[in-house]
Amino acid sequence: MNDGMATVLSPMIVHAARLPEELLARADVEHEPLVMLESTPDGALVRKLTPAEKVEYAERTGESVFFGSAAEMDEAILGVPVDEPTDE
């Protein structure tokens, strides 16, 4: 049972400023500008976006995203598909 918490039908990216600070603090994502909101059997879950999710969000919306570390940025860059030249 989710004790009155809203159910999220599908995972969604949310601007963290729209969520209660207490919820963000419990999930240890209070410094993230964007978070993933998704339902689990135990209730709603807020988590940090993966680098791939951040890239996909930026491509879809045109908004800038923030990578919190060099390792996170490297992971995002390495995950971007590269168009290989073709011999014609």
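Here's a quick rundown of the structure. Every value quoted in this text rests on a predicted model; they were computed, and no experiment measured them.

Calculation notes
Residues numbered from 1 in each chain as written. Predicted model: local features only at pLDDT ≥ 70, side-chain atom pairs only at ≥ 80, totals over all residues. Heavy atoms only, no water. Helix = DSSP H or I, 4+ residues; strand = E, 2+ residues; numbered from the N terminus. Contact = heavy atoms within 4.5 Å. Areas by Shrake-Rupley, 256 points an atom, 1.4 Å probe, with all protein chains shown as cover. Buried < 20%, exposed > 50% of the residue type's maximum accessible area, 1.4 Å probe, protein only. Pairing = 2+ DSSP bridges. Axes fitted to C-alpha atoms, helices over the stretch in contact; angles between N-to-C directions.

1. Here we look at the overall build of the chain
Helix and strand content of the chain: 3 helices and 3 strands. Listed by position from the N terminus, the elements making up the chain come as β-α-β-β-α-α. Once local pairs closer than 6 in sequence are excluded, the contacts in the chain between residues at least 24 apart make up 30%. Roughly 6,700 Å² of accessible area belongs to the chain as shown, and the carbon and sulfur atoms make up 55% of that amount.

2. Notes on unusual backbone geometry
The bulk of non-glycine residues show a negative phi, and the bulk of peptide bonds are trans. A positive phi is found at Asp28, a non-glycine position, where the angle reads about 60 degrees. Structurally, Asp28 is set in the loop between α1 (21-26) and β2 (34-40). Taking relative accessible area as the criterion, Asp28 reaches 63% and is therefore assigned exposed.

3. A look at the sheet that holds β2
Pairing is antiparallel in the open sheet, where 3 strands are placed in the order β1-β2-β3. If you trace the sheet from one side to the other, it starts and ends with β1 (12-15) and β3 (43-48), each paired once. Each strand of the sheet is rotated relative to its neighbour by a mean of 40 degrees, with strand direction disregarded. Where β2 lies against β3, 6 bridges are found, and the strand directions are antiparallel. Bridge pairing in β3 links Ser39 to Ala44. Contacting β1, β2 and β3, helix α2 (residues 51-61) runs over the sheet at an angle of about 75 degrees to β1.

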